Structure formats: C-alpha cells, structure tokens
Amino acid sequence: MTLIILSSLLFHIGRVKRMGRTTMPMNLNILLMLLWLNQALMATAARPVCLDYCGDVDFRFPFGIGKGCYMSKSFEVFCNHSFSPPKPFLTSINMELLDSSTGSEQITVNNPVIRSDCSSKSSTSLEVSVSGTPFVFSNYSNRFTAIGCDNYAMLIRNGNTVGGCLSICRQSNTTGCYGLNCCQATIPPNFQSFVVNMTNPFHSDADGRSSCKSAFMVSQTWLESKSTVLNEVQEMDHVPAVLIWSEFQGYCDIREHPNITCTSNYCWAQLTQNQFCICSRCQDVGKCTNPKNYYYCELKCMYNRGSYNCTCPAGHRKISNNGYSCYPNGAFGEKSRMKAIFIGIGSGLGFLLLVISIWLSYKVVKRRRAMKLKLKFFKRNGGLLLEQQLSSTQSHVEQTKVFNSAELEKATDNYHVNRILGQGGQGTVYKGMLTDGRVVAIKKSKVVDEDKLDQFINEVVILSQINHRNVVQLIGCCLETEVPMLVYEFISNGTLFQYIHNNLNEEFPITWEMRLRIATEVAGALAYLHSAASAPIYHRDIKSSNILLDDKYRAKVGDFGTSRTISIEETHVTTRVQGTFGYLDPEYFQSSQFTNKSDVYSFGVVLVELLTGQKPISFLRSVEERSLATYFLLSMEEKRLFEILDSQVLKEGGKKEIIAMAKLAEKCLNLNGKKRPTMKTVAIELEGIRVSVGAHSTTPQDYEEVDYVVGDYTAPWDVASSSSGSINSSTININSVTYID
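Anyway, here's the lowdown on the structure attached to this text. (Residues numbered from 1 in each chain as written. Predicted model: local features only at pLDDT ≥ 70, side-chain atom pairs only at ≥ 80, totals over all residues. Heavy atoms only, no water.)

## Side note on the side chain of Ser-627
This is how it is decided: To qualify as a helix, a DSSP run of H or I must reach at least 4 residues; to qualify as a strand, a run of E must reach at least 2; elements of each kind are numbered from the N terminus. The cut-offs for exposure are 20% and 50% of the maximum accessible area for each residue type, with area from a 1.4 Å probe on protein chains only; residues under the lower value are buried, those over the upper are exposed, and the others partly exposed. What makes two residues a contact is simply this: any of their non-hydrogen atoms within 4.5 Å.
In this structure, Ser-627 sits in the loop between helix 12 (596-612) and helix 13 (628-637). For Ser-627, a relative accessible area of 16% corresponds to the buried category. Excluding its chain neighbours within four sequence positions, the residues that come into contact with Ser-627 are Pro-616, Ile-617 and Arg-621.

## Here's the deal with the sheet that holds strand 5 (residues 95-99)
Filter applied, for reference: Two strands are counted as paired when DSSP detects at least two bridges linking them.
Taking strand neighbours across the sheet as the criterion, the six strands line up as 3-4-5-6-16-9 in an open arrangement whose pairing is antiparallel. Looking at strand neighbours, the two that pair on one side only are strand 3 (77-80) and strand 9 (136-137), the edges of this open sheet.

## Some details on the nonpolar core
Condition: To define a nonpolar core, start from buried Ala, Val, Leu, Ile, Met, Phe, Trp, Tyr and Cys residues and group those joined through side-chain atoms within 4.5 Å.
Within the largest apolar cluster, 70 residues are counted, with the highest numbers of intra-cluster contacts made by Phe-603, Phe-632, Met-661 and Leu-686. Looking at which element gives the most residues to this core, the answer is helix 10 (residues 512-532), with 12 residues. What Phe-603 contacts, discounting residues up to four positions off in sequence, is Ala-519, Val-522, Ala-523, Leu-526, Ile-542, Met-679, Val-682 and Leu-686. In this structure, Cys-79, Val-109, Phe-135 and Phe-191 belong to the second largest nonpolar core, which totals 41 residues.

## Some details on the sheet that holds strand 7 (residues 114-116)
Operational definition: Inter-axis angles, ranging from 0 to 180 degrees, are taken between N-to-C directions of lines fitted to C-alpha atoms, where helices are fitted over the stretch in contact.
Ordered in space as 7-15-10-13, the four strands form an open sheet in which the pairing is antiparallel. Both edges of this open sheet fall to strand 7 and strand 13 (182-185), since each of them pairs with a single strand only. The mean inter-strand angle of the sheet, taken between neighbouring strand axes irrespective of direction, is 20 degrees.

## Digging into the side chain of Arg-517
Secondary-structure assignment places Arg-517 in helix 10. Setting aside its immediate chain neighbours within four residues, Arg-517 contacts Lys-552, Tyr-553, Arg-554 and Arg-690.

## Things to note about the pattern of salt bridges
Heads up, the rule is: What counts as a salt bridge is simple: a side-chain nitrogen of Lys or Arg found within 4 Å of a carboxyl oxygen of Asp or Glu.
Summed over the entire model, instances satisfying the criterion amount to 17 salt bridges. Put simply, Glu-105 and Lys-300 hold a salt bridge, and the shortest N to O gap is 2.5 Å. Here the residue Glu-105 occupies a position in the loop between strand 5 and strand 6 (106-112), and Lys-300 occupies one in strand 21 (residues 297-302), the gap between them amounting to 195 residues. We note that Glu-105, like Lys-300, is buried. Here Lys-667 makes a salt bridge to Glu-685, at a shortest N to O gap of 3.1 Å. Here Glu-685 lies in helix 16 (residues 679-693) and Lys-667 lies in helix 15 (residues 655-668), a separation of 18 residues in the sequence. Salt bridges sharing partners connect three or more residues here, namely Glu-105, Glu-298 and Lys-300.

## Regarding the packing of helix 12 against helix 13
What counts here: By definition in this entry, angles of less than 35 degrees are roughly parallel, angles greater than 145 are roughly antiparallel, angles of 65 to 115 are roughly perpendicular, and the rest are oblique. What makes a crossing left-handed is the near helix being turned counterclockwise from the far one by less than a right angle; a clockwise turn instead makes it right-handed. The residue classification treats Ala, Val, Leu, Ile, Met, Phe, Trp, Tyr, Cys and Pro as nonpolar and Asp, Glu, Lys and Arg as charged. All others, Gly included, are polar.
Contact geometry for helix 12 and helix 13: axes closest at 10 Å, N-to-C directions at 70 degrees. Judged on the interaxial angle alone, helix 13 and helix 12 are roughly perpendicular. Note on packing geometry: the crossing formed by helix 12 with helix 13 is left-handed. Between helix 12, through Tyr-601, Val-605, Val-608, Glu-609 and Thr-612, and helix 13, the contact on the second element is made entirely by Leu-628, Ala-629 and Phe-632. Along the lines of polarity and charge, the residues of the contact of helix 12 with helix 13 split into six nonpolar, one polar and one charged.

## A few points about the state of the cysteines
Put simply, the rule reads: By convention in this document, the label disulfide applies to cysteine sulfur atom pairs within 2.5 Å.
All told, the structure shown has 10 disulfides when counted by the stated rule. Two residues share a disulfide in this structure: Cys-177 and Cys-182, whose sulfurs sit 2.0 Å from each other. Disulfide Cys-177 to Cys-182: torsion about the S-S bond roughly -90 degrees, handedness left-handed. Overall, Cys-182 belongs to the buried group, its relative accessible area being 0%. Paired by a disulfide, Cys-312 and Cys-326 hold their sulfur atoms 2.0 Å apart. Residues Cys-312 and Cys-326 are joined through a disulfide that is left-handed, its torsion about the S-S bond being -95 degrees. Of this pair, Cys-312 sits in the loop between strand 21 and strand 22 (316-318) while Cys-326 sits in strand 23 (residues 326-328); the two residues are 14 residues apart in sequence, bridging distant segments of the chain. When its relative accessible area of 25% is taken as the criterion, Cys-312 is described as partly exposed. You can see Cys-477 has no disulfide; the closest cysteine sulfur is in Cys-478, sitting 7.6 Å from it. Under the relative-accessibility criterion, Cys-477 is labelled buried at 1%. Looking at Cys-478, the relative accessible area reads 0%, which means it is buried.

## Examining the packing of aromatic side chains
To keep things clear, this is the line we draw: Only rings of Phe, Tyr and Trp enter the pairing, Trp through its six-membered ring, and a pair is recorded when the two centres are within 6.5 Å. The plane angle decides the type: under 30 degrees is stacked, over 60 is edge-to-face, the rest tilted. Either the NZ atom of lysine or the CZ atom of arginine qualifies as a charge over a ring when it sits within 6 Å of the ring centre and within 35 degrees of the ring normal.
A complete count under the given rule lists 18 aromatic pairs for this structure. Taking 5.7 Å as the distance between ring centres and 70 degrees as the angle between the ring planes, the aromatic pair formed by Phe-75 and Phe-135 counts as edge-to-face. Here Phe-135 lies in the loop between strand 8 (127-129) and strand 9 and Phe-75 lies in the loop between strand 2 (57-58) and strand 3, a separation of 60 residues in the sequence. Both residues of the pair, Phe-75 and Phe-135, belong to the buried class. Summarising the aromatic geometry, the rings of Trp-268 and Phe-276 are spaced 6.2 Å apart at their centres and angled 50 degrees between planes, so their arrangement reads as tilted. In terms of burial, Trp-268 and Phe-276 fall into one category: buried. Aromatic rings pair up to connect Phe-61, Tyr-266, Trp-268 and Phe-276 into one cluster. Across from the ring centre of Tyr-415, 4.5 Å away, lies the NZ or CZ of Lys-444, which sits over that ring.

Next up, the structure:
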C-alpha cells in the first residue's frame, strides 16, 4: 500500500513538471494529504486484529490470542481446536480458562484435583502452583476442600502447614460439604502455590474402608451449586477455581507515556514495576484520556512480592472522599496553587470560627453518644438479665462484680498489645491490674449470639458460684462494650503443657510427685464440677494447655469458654463438635453427644502426657500411632509401657505407682464411654496412689512389664479435702491392687 501511494505521488509531480505549470500550493496540499493517509494506513496496519473468544468462552484484555493481543506472557491464551467446541488455555499456568466475567480483576480456571490411593484413577501430583505469574488463588471465592473417608488433608506452603481439615467417614453418598466425607477450610490471602498431604488419622487401609482421598482448591459458589453427590465430584480431574490477577486502583493517563502498545480495541502501558494502565475503546492514543472520558483507562495493581501494595504513580494523585484512590492530575480541572491558597485562607478563617463555636457542643454530644452506646451494649449483652439474676441469687454470688469499660481500659492500658497473654478461638486474654492492686486476666470474647444471651448470662452466674481452689476463679464481667468481657484471677506460672513439652523452667523440672499432685488436683476439680456444683458442669475442653499453675505450682482448671451446664436429670448434651484434636472423645466425635465421660477421656490423655512427656498429636510417630492415646493403648497392649515413659518418671517414680497410674489412664481412654470410671472414682484412685508413694521404697527397680487388676473403690469422696493431705473419709489402700507377675 505504501509503494502504491508513493508511486502515485511521484507520477503526479512529474506530470506537473512536464506541463510547466506553477501550481505549487495545490501540489503541497495533495502531498500532505497523501502523507497523512499513508501514516494512518501504517498505524492501522500496526495494530493487530485480536479475537476475544475461543469456542464458547469470551475473555477480555489483558488476555488475548496471538502476538500483540495480550499484555504479557502471563496472559497469553492458546485456543485448542482439538476439542469440540475449542477450549482456551492459559499457557503460563497450563490451565483451561473457563470464564473471565467473574470480575474485571478475576478469572475462573479449571484447577486439578489431587488424589491419593484411588484405584479407579491414578494418583496425581500433590503440588499446584501458579508462581511466577500475577495470579493468586482468591481467598474470598475459593475453599480448600477434601473428600474421602477419614481424609485428614493438610495444606502446606513453603514447608509450613497453613490450613487443612478432616472429613469424617460415612459409608453413603452425601450431598453438600459439611464434614461428612467432605470438609472445607478457608485459605490465606495471596496464595500462589501449595502442597497437599492426605492421611487417615483413625484407621489403616487394611480395615476395609475406602482409602481413596482427594483434595483441591475450588470455587465455593460452584461447589454449592452442584446437585450431584460428592463421589461424582471426586471422580472429576479438574474443578473450577477463581484466580485474582490484579486490584483496581483508580484511573490513569498514558498520553505522554513513551512506551504505549495498542491492539484493535485496547491501548496499555506499564507505569511501574507492578502497575499497568489499560485503556478500552481507545481509537486514538491522544484521546484515550481527557477530562470527559478519563474513565476509559483503568489503573491496575498487579501481585508482586507477596502482596497487592501500590502507591499512585507519577502524574497521578490520591483524591480523598471519592470512590477510588488514584486519578490523573487535572482530571477534574483543578485550580492553580495560588488561587487555591487564597481560597483556603479565606475559607479557613471562617471555618476556624465555626470550629471554635461548635467544639464544646461536639464534646457534649460525643459524651452523650458514648453513654448511649455503652447502655445499648449493656442491654444487648444481657446486663439487665444479669442484674436480675444477681439480685435473686444467694449472697455469695454477689461477690461477682460488674465492671464498667473505663475500669478495664485503665487496667489493661487500653488493651495494649504488650498486655496480651494469649489468643484462641474464644477470644483474647489480657493481663491487667485493678485499682485495688489485684492482678487479673481479662478475657475479651468474640461477639455473643443475641439468641443465646440467656445461656451466656446463666453461665456467668454459675461460674461465679464455683468455689474450688483448683478452678480459676471468676471475679467479674463487663457488658457495656461491643463484646462481653470476663475477669478472672491471674495465674502466674504458665500452663502444664509448657512445663511438660516446652521445658518452661529447666532449672525446676516437673517431678514425679508434682505430676501425681497436679493430676489429683485436676481430677478433684473435675469431680467437683461434675458432681458437687449446684448444676453439673461439663468442661468440654480439658487439655494440658488449659491447666494453669499458680505461684506454688498448684493446678488451676481454666478456659470455660466452651463449657455447658445441664440439669441433674440429663445424661448428655448434644452440641456441635468442639474441642482440641488429640483430646476429643471418639464417642463424642461420632455422635455429637457430650457426657461426663467425655471429660474423663480428655483427662486420660492428660494423664498419658504426664507419664510419657509426649504431645497428644505427633507427626514423628507412624500414622496409626500419631494420636498419643492410640500410641499409649497399643504400648499397654504390647507390654511396652516402660519403653515410652518420660525419663523423669522412670528416675523418680515407683514401679507400682507408675503401673497403677497407667492402668487408670487406660480405663479413662476406654473407647466405650460407659466403661470409663467417673471423675470421682478417678480422683479417689489418684489420691490413693499419692498416699502410697511414701509407703514404698524409692530404690531403683527393675521395670519389668506386668499385668495387674485394679480393685473397685466404693468409699465416699470428700470434695473439700486437701490435695496434699489424707482423705479421712475414704478407705484407700494401694496394696488392694493385685499385681500378677
């Protein structure tokens, strides 16, 4: 085309010369017209005509097919015509593109399903990655999902476990993903690659159950819309997942940018390392951005170095009180600086007078609003009901104080981060000092369900009535904040878990005598809660990290956030399964019915921790022995008890006392809850073992494995007796234990 235009131009000029006419102005106009036409044609030819679809899938820029139609290699689309209809694939991550209409910064792709031990399908790679691209898995739209019988799937990134879930085995087809044969977990933000580890924590593959397990990242909306059973989803090779490739940051101007690339429909330029300006409906770069249609060009912040974090690029500024952050300078026809200064001075004087006149009124209104808000929270959190309960309860309950928010703010230095003692599923615990000098622990709970306020207030009242030296005392509560807060006595020496597993005080190791005493004190406290409290209380989260040690290393049972009270005639409470993995009663885990024997099982795990010094869950042991309870029961069955004991126990403990405590733990861990002893019986047997310690020689013994039978104890139990003293009202004799060599 260019050659044709130039040839026509030369022919016309030669013809004019031969005619000898002086028509130079007309010839210049013709020349300029031809040159302009040539440039326009060249500019049009330089822009590739790009397709925005493949088969049944439409997509938008920066994605494109063919050179010059995509913004970078990360967004190159390959249309595979071997399928009917054809399917688009992203070459950078080798995933099928399903949809780009979920949002201008999101796409949906076909994500691989990871399998393990599936006979009908070959096992696939346990790693999925989109690293090296701007794509990240959306933590809002996606869920990590595991399917299979007792599938304990862990999500691992850079060698660290960052999430996971456990699907409970049910031998039937199940619709929906609610924990039975299918479980889900949210994922961290800015997630690009992960490895999946799938195990069965309960059974070996030889027990006849299906061992086929799968895990994948999937769009939550898609999974909820599926009406098929989960077995059909498990058979799929790929499932939809949502990827984010940028965040919208505002609008931009590229008219003066030196490096601009255009397609048939879009123009774009890279402004910074991870910022791009993309213009749609851009027929002329000079008209891509102006005060009337600047919104044609959008500023995109790409994922870079672990986050989406971009400031406004050069030539742009952040405008407050507007829908988005960045706009081109002059987008709104801004005034000159001097004019703005004069206007500012004039309006500033008037504004200053206005501020002075309304400042005092504002302070008064603010104070009134704060008082009304506190009253609103107080009523919403059940303050009126609590006052009614306290006024109608016996006088010893009135010791529970209702604090105001100002007292607790002062006690915790406005909840300073340095005052945090710990954080968990129930809330955050702060260390504080009251005006009377008492050091307390202040628990800031999560928002209470308004439908359960009666239950919450009832639990506060009941906890205030607990009077046992081995239970953390509830001092009071505060209800005039957005979330209710509870005030407990402060326990200074950390948790039993820290002393057993973290060597909290290496110069003061936890001795055999201390272990026996702590076990006896905790058992006594639980027996009190089960049997002697005004209404039976089930703790529901007994574990070594919830057993605190005071300045004299006496045990204190704490964290009643998941506790439940029941009427005397009830035998169990049906709830959503809550607790800590490794301590959960298997019967409760299967039936969701929590009984007093469920606390007994959890206490049995604590006894095994005291004996062995090992954690309740350890990935250093084999799969079938990963649970400490299972590991201990197998060792007892195989007569290997003294091979797994803690060195301090072997060094200081007597043979008969160790075996008696181990047999007691074995009874507590019986899989049949009805065959477990009550906490009252457990407390009596532990007190008997403590009494017998002084009656036997501490000379080192030959720890040969023996079997024995423990006799039944029928003596009454005195809840008020000292854990360090003898039980006068009980007949306990360790020699009543019959040993069989």
